[in-house]
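# Structural characterization, general
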Amino acid sequence: MNYEDLMKRAISLADQYKYTAKPNPVVGCIIVKNKTIISEGAHKEFGSHHAEVNAIEEAKKLQGISFVSFEELTLICTLEPCNHLGKTGPCTEAIINSGIKNVIIGAEDPNPLVSGSGIKNLISHGVAVQAGVCAELVQEQNKFFFFKNTNKRPYITIKIASSKDGKSHLADGDRTFITSKESRQDVQELRAIHDAILTGGNTVVNDLPKMNARVNFPLNQPKKILLSNKSNLDLSAEFFKDCNYEILNETGIHKIIEKYSKTDITSILVEAGPKLVNSFLDSGLVDKVIIYESQNNLGPNGVNWFKEDNTVEKLGFKLESSYKIETDTKKIYIKC
């Protein structure tokens, strides 16, 4: 039986929860009898039941109605079932205990705690396993998760708003909205998909940002990481309200990223001033640069983002896409 269409359905099911399951990967699961769908499940929220467990629990409600025994059923899941005790129990145990004897998997889990052990455990308990169905689609859907476990560090994106003449802000310190309202709303969705937002003390003190994801759908707000040695930070400011934040007195970019490589965080969005942005670029750890470029110039009183033209390209990035958002241009560069 060809399971690609069902796997694609499970991938679509999982995608609905990409803002609430993070920093966990999104996972979809479908249980079928022959070609008939019995139940579906997804990993809906970080820390809650995984997709396989949700689908099995839904199937139990139909046992004796749509099927007699779980041995008649096939379980299709986008990611290899977990085989360790985390915030929830191992999904492999739930599958084995249910009596299901046939499992179709999209992609093998790159997490060293799983990475093939889930498949081995199922097979050792008499479960037939087929893996690699639409694996590339699953990997792309969970891009940050796969990157983190493959490269042993979070995926790093830099976002900047630039005037047409390459300026960040006015030297006199006046706060200036460089880009359009539509571009600023696009940034909200960019924040929403990342696990953490990193900025510097000058940005928080001078710009008074909220720096959360202001969107009209449920999400796990990104953690806020503030790099600062300032002793006069106003912790009642909007930046610190009702959020998970951490203040680090650290200037070594590699040390900072190493610290978060040991956490659940799979992606970090850097929103900061020119000094910190250039420090990240010089570190060689940046994977993507997104530039929202206005059609307006700030002139000689503006502060340059970079010391020379085409700095991003010279640091080994290539332009992946460029398109208009109202009068602005959004440019996306990826590491070559």
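Conventions we followed
Every chain begins its residue count from 1, and numbering advances along the sequence as written. This being a predicted model, a pLDDT of at least 70 is required before a residue's local features are given, and a value of 80 or more before pairs of side-chain atoms are given or counted; all residues contribute to the totals for chains, interfaces and linings. Note: side-chain values were computed over all heavy atoms of the structure, leaving out hydrogens and water. Throughout this description, buried means an accessible area under 20% of the type-specific maximum (1.4 Å probe, protein chains only), exposed means over 50%, and partly exposed covers the range between. Helix numbers and strand numbers start at the N terminus; a helix is a DSSP run of H or I with at least 4 residues, a strand a run of E with at least 2. It is the directions from the helix axis to the C-beta atoms that the arc portrays. Contact criterion: two residues are considered in contact whenever any of their non-hydrogen atoms come within 4.5 Å of each other. Two strands are counted as paired when DSSP detects at least two bridges linking them. Only the stretch in contact is used when a helix axis is fitted, and all axes are lines through C-alpha atoms; the angle between N-to-C directions ranges over 0 to 180 degrees. As used here, the term nonpolar core means buried Ala, Val, Leu, Ile, Met, Phe, Trp, Tyr and Cys residues forming a set that is joined through side-chain atoms within 4.5 Å.

To continue, consider helix H3 (residues 91–98). Among the residues of H3, Cys91, Thr92, Ile95 and Ser98 are the ones counted as buried. End-on, the buried residues of H3 take up no more than an arc of 135°, which puts them together on one face. Elements in contact with the buried residues of H3: helix H2 (51–60), strand E3 (74–79), strand E4 (102–107) and helix H4 (117–124).

On the basis of which strands lie adjacent, the open sheet formed by 8 strands has the order E10-E9-E8-E11-E6-E12-E15-E14 and mixed pairing. Among the strands making up the open sheet, the edge pair consists of strand E10 (245–248) and strand E14 (317–325). Averaged over all pairs of adjacent strands, the angle between their axes in this sheet comes to 20°, without regard to strand direction. Direction of pairing for strand E12 (residues 288–293) relative to strand E15 (residues 328–335): antiparallel, over a ladder of 6 bridges. Paired with isoleucine 290 across the strands is isoleucine 332, a residue of E15. This element, helix H7 (residues 181–193), spans strand E6 (155–162), strand E8 (196–200), strand E11 (267–270), E12, E14 and E15 of the sheet and lies at about 160° to E12. Sitting on the sheet, helix H10 (residues 274–283) is in contact with E6, E8, strand E9 (223–227), E11, E12 and E14, with an inclination near 140° to E6.

With that settled, the discussion passes to the nonpolar core. One finds Ile31, Leu75, Ile100 and Val103 to be the most contacted residues of the largest nonpolar core, which totals 37 residues. Contributions of two or more residues to this core are made by helix H1 (4–15), strand E1 (28–33), H2, E3, E4, H4, helix H5 (135–141) and helix H6 (143–151). Ignoring any residue separated from it by four or fewer positions in sequence, one finds isoleucine 100 in contact with Ile31, Ile56, Phe70, Leu73, Leu75, Ile95 and Val127. Ile160, Ile253, Leu281 and Ile291 belong to the second-largest nonpolar core, a separate cluster that totals 29 residues.

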